[in-house]
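These are the residues of each chain, in order.
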Amino acid sequence: MSTVKMLSYIKRDSPVHRLNGVTKLITFLAWTVVCMLSYDTRVLLTAMVFSLIIFKLAKIHLKEVGFILVFICFFLLLNDAAIYFFSPEEGVRIYGARHLIFQISDRYTVTQEQLFYLFNVTLKYLTVVPIALLFLLTTDPSEFAASLTGIRVPYKLSYAVSITLRYIADIQTDFHNISQAQQARGVDLSKKTSLKKRISGIAIIAVPLIFSSLDRIDLISNAMDLRGFGKKEKRTWYSARPFQKADYCVITAVVILSIIGLLITFLDGQRFFNPFIS
Amino acid sequence: MQNPIIDFSNFSFQYRAQSNPTLIDINLKINSGEKIIIAGPSGSGKSTLGYCINGLIPHFYKGNISGNLWIEGQNAANLKIFDISKFVGTVLQDSDGQFVAQTVGDDIAFALENDAIDQKEMISRVEKTSRLVDIHTHLGSTPKELSGGQKQRVSLAGVLIDQVNILLFDEPLANLDPATGRYAMELIDDLAKNTGATVIIIEHRLEDVLWRPMDRIVLMGEGRIVADTTPDKILTSGLLGKFGIREPLYVTALKYAGIKITEEMHPSDVSLMNMDTITKPLQHWYEQTVENESNLSSNSVLSFSDVCFSYSAERVVLDNISFKICEGEMTAIVGKNGAGKSTLCKLICGFEKPDKGTIALFGKDMSHVSIRERADYVGLVMQNPNQMISQVMIRDEVGLGLKLRDIPQKEISERVEETLRICGLYPYRNWPISALSYGQKKRVTIASILVMEPQIILLDEPTAGQDLRHYTEIMEFLQMLQKRGKTILLITHDMHLILEYTQRAIVLADGKLICDNHPAKVLTDDRVIRLANLKETSLFSLAKYAAISDPFEFVKKFISFDREARQTCQQ
């Protein structure tokens, strides 16, 4: 229950909330593309500073995303460790230089280049993650569906997304209730029992969940038909936000900054900023 | 004479998957501005009739149609469901499921969005319509933030926004607490007055629908219309009982008192009823009848002392709850939606732990007893049988709890068979569950709990959405279990159920226990009724109109008399 709540829309009034969903989607996509392509430390650092500023502007408090952040940081560290484990000389290969700090074994050396490389990888994620979170937390799901239609996604598809968001919480409550009732009948999902018993236990919970969800789907599709869903080629949206000056400004700024970012990244012929060879 | 707005002539319908027609030779004319009740037991075809009016037949449910249906002068066979939705607005029974969008505003606008109406116009129309049903202050709310009654108002606004001429309600009272149901009827009536819309209500809770005057009742039975007349006439006809519809309680009381009910008495509204010929015999009955006190044991099997619980710091769900349940009692837990009834159940089963206070079963503190171990004392039957059933065969479903407890196969078979016999399911023991009716499925879920031999059985809304026959079937079955010594605790909105079957009712309001008393006391206490969204029983009103000295005593006597009467009736 709580994890999904943490990743869902938080209603608030901020400059970021007031932006159009399409603007936020474009920003998020551009941001991701630039940061995934670039290993240029200057670009990434600048982007990170920006993303922190935007985070502040959006009035999202750290404690509202704390759990997710810790979770992501953990995976980042895991990722770094894995890179080092499988390829300890990756930095040396990329930057074409070797400044040894110390050596653990024959294979596992610690070089300035490798540390710098790992630093860049971490930076990449730290730049993208806040923007991704912001996108999820500041975009009203029904407005998001409207936004998807705005960028030419067929409305039936975007409505499906919106309806999924609407019912996730309900199905979770169902799951919770069913699982408790079946536990009372003796289903044991704890680690104390054998894998086989746990799997059959999951089935005992899943079957009623599926059947009661099917009942729900039947009802929703009836309700939608009765109110004329799918009648026309086009559909309007009650909560669509018209494009405003701020949206045009943000999109222009994002496009210009992305181009600059990519130019800086690729101008010297490679994606890496190399401080080791001048 | 005006042209009817809906006109069925020699209309029949047979679902594709069924061997017999569900609607047979229906002839029904409904005039513009009429308020009609379509009543009938489950399987009588009343819902199917509704589907024909709103276009789900033939658009969604396929089958064979013969005869004609005209809606607003147009042949329904030539209309698409979208065309029909322009003049027939349907409010479904489950207003939560009908809530498609994320927020109230979005949901009300849904039909307009599908019509590709300009956003500016949409916003002003949503504003206007939401005022009509008094939900305009909640436009930004999500379904979770709304009560059952508010959700229903949203559904209503969602169809009203299309300026439909016909409003079709499919069991509008099923999911509402009594007071909210009453308010819903008032709202529907006022809307009909203000907009001139035709109102069709499919509902079998006659007494509740008749809270506001209705023009006609169409009674359905086995696919045919068996009566189509005024409420006053139908209440005097004796047809209701025959077709499994419960008559208003005050009408039953009049019958017990030996009063012959005539149309002139105006029996459809207790407050307008002509009391001249009623008062005397009723007072006489009151003086004659002696109440049978039932003796109950005082062995406490479940007790709450000062239990507090909350999910989050902001809202206390249960606040210092204390009560005792004695062996062999049937007790109801009542209160409006969100009063904490389900949470109370979860605490009893150990799904949640109290923040403060103790819960004891058979005098034993339960704080350190696991969910699974508690199941030996208390079993929970969920509201919707589909939420419990996971096996294909009845035998396996009932035996599941035993199998999971690693009980030897031989003992499982014996206990399952014994339980199936008690539950009247033995003839079906080798059937797949999918072949059973809803009521039978409910029985299977009760059997699957019973087989584990808990002393206490806890049921969440056991009769929700059931017609009188299934209701009686389920409740008589529970009463039989009670007679075999089981203690039964049930959550319900049904005031009839409380009066007919329970010995006690525990009333919750905003997390507090506000009353724990005899059902007659609960349903005649003004303060409790107000705080818990209940409603005064019509028996109490009747007693007051008939100038009976102690209306509370009258209700108690009625309960006792009624229980005996039904018992002799069964033997």
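These figures come from a predicted structure and were not determined experimentally.

Cut-offs applied
Residues numbered from 1 in each chain as written. Chains lettered and ligands numbered in written order. Predicted model: local features only at pLDDT ≥ 70, side-chain atom pairs only at ≥ 80, totals over all residues. Heavy atoms only, no water. Helix = DSSP H or I, 4+ residues; strand = E, 2+ residues; numbered from the N terminus. Rg over C-alpha atoms; globule rule 2.2 N^0.38 Å. Buried < 20%, exposed > 50% of the residue type's maximum accessible area, 1.4 Å probe, protein only. Contact = heavy atoms within 4.5 Å. Areas by Shrake-Rupley, 256 points an atom, 1.4 Å probe, with all protein chains shown as cover. Lys, Arg positive; Asp, Glu negative; His and termini not counted. Charge placed at Lys NZ, Arg CZ, Asp CG, Glu CD. UniProt positions renumbered as here; feature names shortened; annotations may be inferred. Pairing = 2+ DSSP bridges. Axes fitted to C-alpha atoms, helices over the stretch in contact; angles between N-to-C directions. Expected span 1.5 Å × (residues − 1). Arc of directions from axis to C-beta. Domains from an automatic or database assignment. Parallel < 35°, antiparallel > 145°, perpendicular 65-115°, else oblique. Left-handed = near helix turned anticlockwise from the far one by under 90°. Buried area = accessible area lost by both parts, 1.4 Å probe. Salt bridge = Lys/Arg side-chain N within 4 Å of Asp/Glu carboxyl O.

Undergrad: Could you give me a rundown of the overall build of chain B, with the residues and numbers involved?
TA: A tally of regular secondary structure across chain B gives 23 helices and 20 strands. At 25 Å, chain B has a C-alpha radius of gyration in line with the 25 Å of a compact globule built from 571 residues. The C-alpha extent of chain B, read off along each of the three principal axes, is 70 × 60 × 50 Å. Buried positions account for 60% of the 571 residues belonging to chain B. Across chain B, the fraction of contacts at a sequence separation of at least 24, relative to all contacts at a separation of at least 6, is 69%. Summed over all atoms, the accessible surface of chain B reaches about 22900 Å², with 48% contributed by carbon and sulfur. With 61 positive and 72 negative side-chain charges, chain B shows a spacing of 3 Å between the two charge centroids.

Undergrad: Describe the overall build of chain A, listing the residues and the values that go with them.
TA: Per the secondary structure count, chain A includes 11 helices and two strands. Moving toward the C terminus, one meets the helices and strands of chain A in the order α-α-α-α-α-α-β-β-α-α-α-α-α. Against the 2.2 N^0.38 benchmark of 19 Å for 278 residues, chain A shows a C-alpha radius of gyration of 24 Å, more extended than a compact globule. Its C-alpha atoms put chain A at 70 × 60 × 30 Å along the principal axes. Within chain A, residue pairs in contact and separated by at least 24 positions form 75% of the contacts whose partners lie at least 6 positions apart.

Undergrad: Describe in detail the UniProt feature "domain: ABC transporter" (unreviewed entry) in chain B, supporting the description with residues and values.
TA: Residues and elements named next belong to chain B. Per the UniProt annotation, the sites labelled "domain: ABC transporter" (unreviewed entry) are residues 6-247 and 302-535. For residues 6-247, the end-to-end C-alpha separation is 28 Å, with 38% helix and 25% strand making up the annotated structure. Taken end to end, residues 302-535 has its terminal C-alpha atoms 28 Å apart, with 36% of it in helix and 24% in strand.

Undergrad: Quick rundown of the UniProt feature "transmembrane region" (unreviewed entry) in chain A? Include the residues and the values.
TA: When the UniProt feature table is mapped to this numbering, "transmembrane region" (unreviewed entry) covers residues 28-55, 67-86, 115-137 and 248-267 of chain A. With 100% helix and 0% strand, the stretch residues 248-267 of chain A has end C-alpha atoms that lie 28 Å from each other.

Undergrad: Describe the sheet that holds strand β11 (residues 300-309) of chain B, naming the residues involved and giving the relevant values.
TA: All names here are of chain B. With antiparallel pairing, four strands are arranged side by side in an open sheet as β12-β11-β14-β15. Either end of the sheet is taken by a strand with one partner, and the two such strands are β12 (318-326) and β15 (364-365). Here β11 runs beside strand β14 (residues 356-361); their pairing, made up of five bridges, is antiparallel. Directly across from Leu-302, in β14, lies its bridge partner Leu-361. Contacting β11, β12 and β14, helix α13 (residues 341-349) runs over the sheet at an angle of about 120° to β11.

Undergrad: An account of helix α5 (residues 119-132) of chain B is needed here, citing residue identities and associated values.
TA: All names here are of chain B. End to end, α5 covers 20 Å across 14 residues, agreeing with the expected 20 Å (1.5 Å per residue, within 8%). Buried within α5 we find Met-122, Arg-125, Val-126, Thr-129 and Ser-130. Seen from one end, α5 has its buried residues packed into an arc of 130°, which puts them on one side. Residues of α5 that are exposed and angled more than 90 degrees away from the buried face: Lys-120 and Lys-128. In this fold, the buried residues of α5 make contact with α4 (104-114) and α6 (148-160). Directly after α5, the chain includes Asp-134, whose backbone phi takes a positive value near 60°.

Undergrad: A description of the domain arrangement of chain A should follow, citing residues and the corresponding values.
TA: Taken domain by domain, chain A holds domain 1 (2-140 + 242-267) and domain 2 (148-226). Here the C-alpha centroids of domain 1 of chain A and domain 2 of chain A sit 33 Å apart.

Undergrad: Please give an account of the packing of helix α3 (residues 21-37) of chain A against helix α4 (residues 41-57) of chain A that cites residues and values.
TA: All names here are of chain A. In the contact formed by α3 and α4, the axes pass within 10 Å of each other and the chain directions differ by 150°. Classed by the angle they form, the pair α3 and α4 counts as roughly antiparallel. Between α3 and α4 lies a crossing whose hand is left-handed. In this structure, α3 contributes Trp-31, Val-34 and Cys-35 to the contact, and α4 contributes Val-43, Leu-44, Ala-47, Phe-50, Ser-51 and Ile-54.

Undergrad: Residue-level account of the interface of chain A and chain B, with values.
TA: Contacts between the two partners involve 55 residues from chain A and, on the opposite side, 64 residues from chain B. Between chain A and chain B, the buried area comes to about 5100 Å², and carbon and sulfur atoms account for 52% of it. When the area that chain A buries against chain B is broken down by residue, the three leading residues are A:Arg185, A:Arg227 and A:Tyr238, summing to 22%. Put simply, chain A and chain B have seven salt bridges between them.

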